[in-house]
Each structure stands twice: as structure tokens, then as C-alpha cells.
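One letter stands for each residue in the lines below.
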Protein chains: 2
Amino acid sequence: MLAEKMIALGTERSVIRELFDYGKGRAAVVGAENVYDFSIGNPSVPAPPSVNETIRRLIDEIDPVTLHGYTSAAGDAGAKAALTASINRRFGTNLSPDGLYLTMGAAMSLTCCFHGLCCPEDEFIVPAPYFPEYKVFIESAHGKMVVIPPDTEHFQLDLAAMERAINPHTKAVLINSPNNPSGAVYSEKTIQALADLLETKSAEYGHPIYIISDEPYREIVYDGVQVPYIPKYYNNTLVCYSFSKCLSIPGERIGYVAVHETVEDWQRVFAAIAGAGRALGCVNAPSLFQLVVAACADDTADLSVYTENRRLLVDGLRALGYSCVEPGGTFYLFPQSLEPDDAAFSLRARDDFDLLIVPGSGFGCPGHVRISYCVPTQRIQRALPIFGRLAESYRKK
Amino acid sequence: MLAEKMIALGTERSVIRELFDYGKGRAAVVGAENVYDFSIGNPSVPAPPSVNETIRRLIDEIDPVTLHGYTSAAGDAGAKAALTASINRRFGTNLSPDGLYLTMGAAMSLTCCFHGLCCPEDEFIVPAPYFPEYKVFIESAHGKMVVIPPDTEHFQLDLAAMERAINPHTKAVLINSPNNPSGAVYSEKTIQALADLLETKSAEYGHPIYIISDEPYREIVYDGVQVPYIPKYYNNTLVCYSFSKCLSIPGERIGYVAVHETVEDWQRVFAAIAGAGRALGCVNAPSLFQLVVAACADDTADLSVYTENRRLLVDGLRALGYSCVEPGGTFYLFPQSLEPDDAAFSLRARDDFDLLIVPGSGFGCPGHVRISYCVPTQRIQRALPIFGRLAESYRKK
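Residues numbered from 1 in each chain as written. Chains lettered and ligands numbered in written order. Predicted model: local features only at pLDDT ≥ 70, side-chain atom pairs only at ≥ 80, totals over all residues. Heavy atoms only, no water.

Peer 1: Now, about the overall build of chain A: what can you tell me, with residues and values included?
Peer 2: The helix and strand tally for chain A stands at 14 helices and twelve strands. Burial analysis of chain A (397 residues in total) assigns 63% to the buried set. Considering only intrachain contacts with a sequence separation of at least 6, the fraction spanning at least 24 residues in chain A is 76%. Of the accessible surface of chain A, which amounts to about 14300 Å², a share of 52% is contributed by carbon and sulfur atoms. (Helix = DSSP H or I, 4+ residues; strand = E, 2+ residues; numbered from the N terminus. Buried < 20%, exposed > 50% of the residue type's maximum accessible area, 1.4 Å probe, protein only. Contact = heavy atoms within 4.5 Å. Areas by Shrake-Rupley, 256 points an atom, 1.4 Å probe, with all protein chains shown as cover.)

Peer 1: Account for the pairing of strand 12 (residues 369-372) of chain A, naming residues and giving values.
Peer 2: As a general feature of sheets, a regular strand has side chains that alternate between the two faces. Residues and elements named next belong to chain A. Side chains Val369 and Ile371 project from strand 12 onto one buried face, and the interleaved Arg370 and Ser372 project onto a second face that is buried too. By the bridge criterion, two bridges tie strand 9 (residues 332-333) to strand 12 in an arrangement that is antiparallel. Paired with Leu333 across the bridge in strand 12 is Ile371. Pairing of strand 11 (residues 358-359) with strand 12 involves two bridges; the strand directions are antiparallel. Each bridged residue has a counterpart across the sheet, and for Pro359 the counterpart in strand 12 is Val369. (Pairing = 2+ DSSP bridges.)

Peer 1: Now, about the relation of the copies chain B and chain A: what can you tell me, with residues and values included?
Peer 2: Overlaying chain B on chain A yields an RMSD of 0.0 Å, the required transformation being a rotation through 180° with an accompanying axial translation of 0.0 Å. Both copies are brought into coincidence by an operation consistent with a two-fold rotation axis. Take the interface residues of chain B: 100% of them recur as interface residues in chain A, which is what a same-surface contact looks like. (Least-squares fit on C-alpha atoms with pLDDT ≥ 70 in both.)

Peer 1: Give a description of the environment of Val263 of chain A that names residues and reports values.
Peer 2: Residues and elements named next belong to chain A. Examined against the element boundaries, Val263 turns out to sit in the loop between strand 8 (255-259) and helix 10 (266-280). According to the relative accessible area criterion, Val263 is buried, its value standing at 2%. Sequence separation between Val263 and Tyr234 is 29 residues, and the spatial gap between their C-alpha atoms is 8.8 Å. Each residue touching Val263, except ones within four places of it in the same chain, is listed here: Tyr210, Asn235, Asn236, Thr237, Leu238 and Val269.

Peer 1: Go over the sheet that holds strand 2 (residues 100-103) of chain A with me, naming the residues and quoting the values.
Peer 2: Residues and elements named next belong to chain A. Strand order in the open sheet formed by seven strands is 2-8-7-6-5-3-4, and the pairing between neighbours is mixed. The open sheet terminates on both sides in strands that have one partner only, identified here as strand 2 and strand 4 (144-148). Here the average twist between neighbouring strands, direction ignored, is 20°. Here four bridges tie strand 5 (residues 170-175) to strand 6 (residues 210-214), and the two strands are oriented parallel to one another. Within strand 6, the residue paired with Val173 across the bridge is Ile211. Against the sheet, helix 6 (residues 106-117) touches strand 2, strand 3 (123-127), strand 5, strand 6, strand 7 (237-242) and strand 8, its axis set at about 155° to strand 7. Relative to strand 2, helix 10 is tilted by about 15°, and along the sheet it contacts strand 2, strand 6, strand 7 and strand 8. (Axes fitted to C-alpha atoms, helices over the stretch in contact; angles between N-to-C directions.)

Peer 1: Can you tell me about the pattern of salt bridges, naming the residues and giving the values?
Peer 2: All names here are of chain A. Counted under the stated rule, the structure contains 43 salt bridges over all chains. The shortest N-O distance in the salt bridge between Lys144 and Glu123 comes to 3.8 Å. Residue Lys144 is located in strand 4, and its partner Glu123 is located in strand 3; the two are separated by 21 residues in the primary sequence. Residue classification places Glu123 among the buried residues on the basis of a relative accessible area of 9%. (Salt bridge = Lys/Arg side-chain N within 4 Å of Asp/Glu carboxyl O.)

Peer 1: Give a detailed account of the interface of chain B and chain A, specifying residues and quantitative values.
Peer 2: The interface is formed by 73 residues belonging to chain B together with 73 residues belonging to chain A. Summing both partners gives a buried area of about 5800 Å² for chain B against chain A, and 59% of it is carried by carbon and sulfur. Summed over the three residues of chain B that lose the most area to chain A, namely His68, Tyr70 and Arg278 of chain B, the buried surface amounts to 13% of that side. Measuring nitrogen to oxygen at the nearest pair gives 3.3 Å for the salt bridge that ties Glu12 of chain B to Arg278 of chain A. The interface formed by chain B and chain A holds 33 residue pairs in polar contact (both at pLDDT 80 or more) in total. (Buried area = accessible area lost by both parts, 1.4 Å probe. Polar contact = N/O pair within 3.5 Å; in protein donor to acceptor, adjacent residues only side chain to side chain.)

Peer 1: How would you summarise the side chain of Asp37 of chain B if you had to cite specific residues and measurements?
Peer 2: Residue and element names in this part refer to chain B. Relative to the elements of secondary structure, Asp37 occurs in strand 1 (residues 36-37). In this structure Asp37 is buried but unpaired, with Arg379 as the nearest side chain of opposite charge at 5.0 Å. Within the structure, Asp37 has its side chain in polar contact with the side chain of Ser39 (distance 2.6 Å). Discounting residues that sit within four places of it in the chain, Asp37 has contacts with Phe20, Leu356, Val375 and Arg379. (Lys, Arg positive; Asp, Glu negative; His and termini not counted.)

Peer 1: Pulling in residues and values, what's your account of the pairing of strand 6 (residues 210-214) of chain B?
Peer 2: Residues and elements named next belong to chain B. Most of strand 6 is tucked away: five of the five residues are buried. Here strand 6 shows no split at all, with Tyr210, Ile212 and Asp214 on one side and Ile211 and Ser213 on the other all buried. Once the chain exits strand 5 (residues 170-175) it traverses helix 9 (residues 188-205) before rejoining the sheet at strand 6, and the crossover so formed is right-handed. For strand 6 and strand 7 (residues 237-242), the ladder comprises four bridges, and the chain directions are parallel. Pairing of Asp214 across the sheet is with Cys240, part of strand 7. (Right-handed = clockwise from strand over helix to strand, strands pointing away.)

Peer 1: Any details on the sheet that holds strand 9 (residues 332-333) of chain B? Residues and values, ideally.
Peer 2: Strand order across the open sheet formed by three strands is 9-12-11 (chain B), with antiparallel pairing between neighbours. Edge positions in the sheet fall to strand 9 and strand 11 (358-359) of chain B, since each has one partner strand and no second.

Peer 1: Which residues make up the confidence of the model for chain A, and what are the values?
Peer 2: Of all residues in chain A, 100% attain a pLDDT of 70 or more, and the chain-wide mean is 96. Taken over the whole predicted complex, pTM reads 0.96, whereas the ipTM for its chain interfaces reads 0.96. (pLDDT = per-residue confidence, 0-100.)

Peer 1: Before we move on, could you go through the packing of helix 13 (residues 342-353) of chain A against helix 14 (residues 377-396) of chain A and cite the residues and values that matter?
Peer 2: Residues and elements named next belong to chain A. Orientation of helix 13 relative to helix 14, taken along the N-to-C sense of each, is 115°, at an axis distance of 11 Å. The element helix 13 and its partner helix 14 pack so that their crossing is right-handed. Of the residues in helix 14, those touching helix 13 at Phe345, Arg348, Ala349 and Phe353 are Ile386, Arg389, Leu390, Ser393 and Tyr394. Looking at the contact of helix 13 with helix 14, its residues break down into six nonpolar, one polar and two charged. (Left-handed = near helix turned anticlockwise from the far one by under 90°. Nonpolar A, V, L, I, M, F, W, Y, C, P; charged D, E, K, R; others polar.)

Peer 1: Explain the packing of aromatic side chains residue by residue, including any values.
Peer 2: Throughout the structure, instances matching the rule amount to 32 aromatic pairs over all chains. Look at Phe91 of chain B and Tyr229 of chain B: their rings are 4.1 Å apart centre to centre, the planes differ by 0°, and that puts the pair in the stacked class. Linking Phe91 of chain B in helix 5 (residues 77-91) with Tyr229 of chain B in the loop between strand 6 and strand 7, this pair joins segments that are 138 residues apart in sequence. A single burial state applies to Phe91 of chain B and to Tyr229 of chain B, both of which are buried. Every member of this aromatic cluster is reached through a ring pair, and the members are Tyr217, Tyr306, Phe331 and Tyr332 of chain A. Here the guanidinium or amino end of Arg348 of chain B rests over the ring plane of Tyr394 of chain B, the centre of that ring lying 3.9 Å away. (Phe/Tyr/Trp six-rings, centres within 6.5 Å; stacked < 30°, edge-to-face > 60°. Lys NZ or Arg CZ within 6 Å of the ring centre and 35° of its normal.)

Peer 1: Pulling in residues and values, what's your account of the nonpolar core?
Peer 2: The biggest cluster of nonpolar side chains holds 92 residues, and the ones touching the most others in it are Ile212 of chain A together with Ile212 of chain B. Setting aside residues no more than four positions away along its own chain, Ile212 of chain A makes contact with Leu110, Cys113, Phe114, Leu117, Phe124, Ala172, Val173, Leu174, Ile175, Leu238 and Cys240 of chain A. Listed in part, the 62 residues of the second largest apolar core include Ile55, Tyr229 and Val293 of chain A together with Ala258 of chain B. (Core = buried A, V, L, I, M, F, W, Y, C linked by side-chain atoms within 4.5 Å.)

Peer 1: Break down the side chain of His260 of chain B for me, with residues and values.
Peer 2: All names here are of chain B. Relative to the helices and strands, His260 resides in the loop between strand 8 (255-259) and helix 10 (266-280). Looking at His260, the relative accessible area reads 3%, which means it is buried. Once you skip the residues sitting within four places of it in the chain, His260 turns out to touch Thr93, Leu95, Tyr229, Pro231 and Trp266.

Peer 1: Residue-level account of the environment of Tyr229 of chain A, with values.
Peer 2: Classification of Tyr229 of chain A as buried rests on a relative accessible area of 3%. In contact with Tyr229 of chain A, not counting residues within four places along its chain, are Ile87, Phe91, Thr93, Glu215, Arg218, Val239, Ala258 and His260 of chain A.

Peer 1: Just give me the short version of unusual backbone geometry, but keep the residues and values in it.
Peer 2: All names here are of chain A. The residue after Ala128, namely Pro129, is reached through a cis peptide bond having omega -5°. Examined against the element boundaries, Pro129 turns out to sit in the loop between strand 3 and helix 7 (133-140). Pro181 follows Asn180 through a cis peptide bond whose omega is 20°. Here Pro181 lies in the loop between strand 5 and helix 9 (188-205).

Below, the structure is given as C-alpha cells:
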């Protein structure tokens, strides 16, 4: 007898990973230039030079016993002070270093929040489309995930559906803006309406309903789009951040949970998150990279490639007859599939055209497909005629 | 309502951490040279030069998109191949890279094992003395920790007590050799007897009873002591390792779980561990340090300071009338307290002599205190007369 649920999690392949591996196999057969892989959300631009420069400097300057040694569980005091200062400067907030808990990336930020908050029968509301691992994380904390159907017109929030879903068991609403997979950035109006709703409902039920804001794409936005910083709109917000995407260092596993002093009983909430981290085996976030991100907190990788890719793809696909909401951020586009069955559509794209795009059903949004454009621009240029042939194949039918 | 257990975990201070912070406070009052801090198990020798040299080389040679990018969940294929080869060369085993799961250090190796194995009502047997966090990790996976009283004569295993504790709910026995806090290394005879017992009991109950072997101190041994590699003695062994202590990089959080092919249904066991890692939010072990430890797998920090410290401390304390079992490994000594109440003894040492030593009760072994000798040798030289005055204070009484 083993934990069968864990075996299933360790055995099942994610659709995305499977597509990605399929592509590598096909590349060996038909040549890499003839496979159009848009499956995976791996940053394609290098980290800013400051990352490796900082690593070199730290190695030269800091005693290795300190540099590679344990830090406090919540993170090195200097790193926390620098990161807090950066957040407060950028967002006009008053986050205390005592409210910042450094983690091994956004996934761990989320599991620490779920394990720290979740009590028996608690529910977590997740608006579709959503990152599929959310379900795994919530259920590992013995919480129940409640899905809100997507607003496929603008990929904002369906607040009427949200209101119907909230009940006395609702512990938190998990939002992800800029959104994977839709690329949508929730507008200030959306956030304000969500905040109003949750304030009303919290008062009605006599306990806070938290917003857990998963925002690894916060800095990847286009055309001057503003990403509202949620704690400014809603007091009981827990910010889960990762440096993976903005600094192009997803393998290094470094992020944080920010618990602002506006959170009711913020010190107890912080203790619950830190306690969960301890129980899960997070001794501290990787020590060298705590100092690296502290030094590079205001940098980002060069995101101009994503800007170019997005323009090319949105305009190109629309010209070919595809329908999509223009993404405000991330490096994902989420057009409608050309038949209602997105899995069948994705399969045709793969088998007949070596075009690898991810069905939207796994994100809780059937009838759509995710195209990751964190790829070389040339791949998009070469792929557009293939997207054209794919569309053509439906017209012939 | 928050998860009260997590709040308690996030709020309560460990006795060790509290002593350590007390020492820093006292140092400001009486001067650092007058505080004799032996509280914390933080390696005091730097990482071998190969660690920083490898970091420099990797930064120079490898494209940052790859170097800092996602790896497979179980780890980079090249790193896994190198680490597996090192294990097989050193221990004469046949570990497959498919059985190696890289983790964020030994704590996470353990939580992945507990969450992967644990089914309702499962029990995990832990012989005292033991690392206090084991209880936190086991209970976070909803397992029950069953403690075996210590063999205070040799700090080997009390196998008769072990046999009495095993029952149909026993999922695993957790051992830690070289042991924190006793420094004991379980002999080949002890391991063989444990293996025989567990084989008999596994057959009797019709399911495997695993050994989970937590061995971060495997390379820190003295006088040519051999540490038996448990999978060679018992098939159903899961090896949890960390590079924290041997490479003096505890802050970087890198280790592994090794599931040898001798483990019954090893692929399912591996899947359960990997599934647990996924559920807990471990996307992959830190990517740069995966390659660093792969390159430095056969190195250790310069352990000669620990050798010298151990000799000085064992001989010095014995000459003063203290009674202790000579440690075969680690950087801990675990002498008897000079009164039965180890907490009172530790408090007297602290308050009257500024001597910071950790009561054994927290390790499940009253009547003893832990002395961490990962400290500058001078501190031991200066502390021995103080230990003498502490002993004297009991003779006067």
C-alpha cells in the first residue's frame, strides 16, 4: 500500500509535457525546423546580465560559509529588506520585512498558503481558465477547488458566477493576472468589483475571504497595460510571486509570499504560512539566489522578443480567420479552436501539421487552445502559413 | 479560522534556535569571546573550492536559458547520471538514474517520502535520539510517529524494543546514521540485525516495511569508521541524502532520494515520491546547484577541523569527569548531563557560565545534552575550563 493519489500524480504525464516530448521525438524524424512547438511556458530569453554578474560578485565578496549557509526560515534579513523596499517603492505600499516569506518559487508559495490556511471543509474558488496544477496544490492541502466558468468574451471575471459560488466554506479566491493561459490582465474595475464582493461576503459570514494572488507574470505586460497591485484594493490579499518569468530563472526556484499589514491578524496568517513551509520541508529558500534576486529585484529579462512575437501572432492569426482576445500580458495566446472539441483540434494540428498547441480543456476552458509564444520569432514566422493550412483544412471539410 | 497546527509550527521557536539567538544577545553584553555557543549544527568550514569554481565555470560555459531553466521534475538527466555513477562507484550498487529524485535538501527528501508512502493509520518508527523535525514531517503527512527508547550505552538500536513496536500499521523505520545528536554510526551488525528483523516482519504482515535512511552526515566520520550503505543490507530502503553537511552548502537546499531497483515495485514507489514532490510544490531542485553537486559529488569540505575538535572535546570532557559515548561521525557530542534533568542542567550552563548546549529531551533522550562542535577550535579550548567550572558547581552542591 502506497499513497495511490501520489502515485497517480507521479505517473500521469501532463498534456503539456507530453506534447513537448512528442515534439522532440518528431524533430528527430522530420527535422527540428519542421516542428512548430508552442507547448511549453519556458522563458526563451536569457536572464538579464545582472543575474550572472551578481553571482560572480557574491562569490568573490562573501565568505562561502555565509553565502551558502542556512538563512532564517523566512529568508536572509538583508535580502528581505531589499525586496520589501523594492515592492514598497514600486507599488506605494508599506510591506514590512516581517511580512515577507521567501520561498522556493510560486508553486511553493501557493502550497504554503493552502496548507497554512486550509481547515476541514474549506473551499478555494478558482476562476477558469486556470493553471492546471492549482487543483493538485489545493487538494494536497485537503481543500476543495470550486471552479468559476470562464468569461470567454474578455477573460475578465464572471462576478455573478463568483457570487453564486461563495458560501460560508469559502476560504479564498485564487486569481492569476496576468493570466496563464489567456494572457488577460484583470482591469482595475474588475479588481475593485471583486474586492467589493469579497468585503460584503466576508462581513456577511463573519470571517475573511482571502484573495490569493498568483502573479509570476506581473512584469510581462504590453502596450503600457497596468497590473493593479491587489493589496491596494483588498486588505486580505496574499501575494504569491516568483522570479522565474521576469528574470528568466525558472529552474532556480525562488519567490515569495507577501503578507501586508492590512491583512487581518497578519502575524498569525504569516505564522500559518511559515509553519506550513516548515511542515512541508522548506528549510529556507536557496541562499545564493535570495541575494541574487534581492540585487536584481528591479530588473527584468529583455522582454522585447515577447512583444514582437505577440504582435506577429495576434495579427497573423486574426488575418487567417482565428478569433482571439488580445493578451495584455504573459507569453500566452488563447484563441478559439476551429471546432468545439479543442482536444480534437489540437490533435489534428499535431498529427497533420506538426503544430503543437495545448487544448484549453485542461485549463478549464474548452473550445480554446494555448499557444506559448516564448519561442524564437522565426518559429512564429514559419508557423503562420501552417496555421493557415490548418484553418484551410476546416474549410475544405 | 486558520490551520492552528501550522500557526503553532510557525510561532513556536525551536530550543536550538532560541539558544542560538540568546547567545547573540549575550555576546553584545559580555563580548563574543565570553559566550561559548555550541547550540547550532551549521557547518563551520567553507565549501570545498570546487563548489565556487564549478559555479564560475557553469556561468561561463552554459547558456543562461539552459543553466537557470526548468529541469525535469526529478532532475537534469546529466546531473542524475553523474550522481548515480558516483553512488554506484562508491558503494558497488546498481542504482539507475531513473531511481534518483533530486530534491531541495534532506528535509524535502523526507517529506516527499512520508507523503508518498503514508496511507491512513500508517506508523513510522523512529529510534531515539532523533532530529526533532521528524515529528513535524511525519505528522504533516498524517502519519503517526512511534518512538523507540534510546540505547544510551552505545547509541546503537534497541532491537527488542523495535520488535515490540512493529505492528501491521508499521510503514517504515526511519534511521539516521551517523546520528544527530549522538554522533553514533550504526555498525554493520546493527544494520544486519535490523534488516533481518524487518524482513521477518514484512513477510509476517505481507507488505514491505521500508527503511527510510536519512544520511546527511554519511561522509562526516572519524578514525576510518565505515558507514554501511543500507540498500546493500536491506532491499526496501529509501536513501534520503543532502549535500548540506559534506559540501558545507546547507543554504542551497539540494539533496536526493535514491530508490534502488531492489525496492519492491520500485517504479511505483518512485512515482509516489515524485507525485508527493509535485503535490508539495517542488517543481525541480535548484537548477544551478544540480550541476554543481553533480560536478562535486566526490568532494567534501575540509573536515579536519571537526576531527581535531572532536578529539579535544571528548578527551577534555572525560578528563573533567563527563561521561560520553565517543561519536563515530557527525559534528555532535552527546554527553550525559550532570543532573538527571537535562533542561535544568542546560539552563545552569547557560545562566551561570554562558555555555550554550542543547537539552537532550527534545531529541527524545533525557539526561543528555548535545554539543555541536562545528565551531572554531579556539572556542573549545577556551570552553573546556568553563565546562570544568560547571562540573565543579555540581560537586560543591
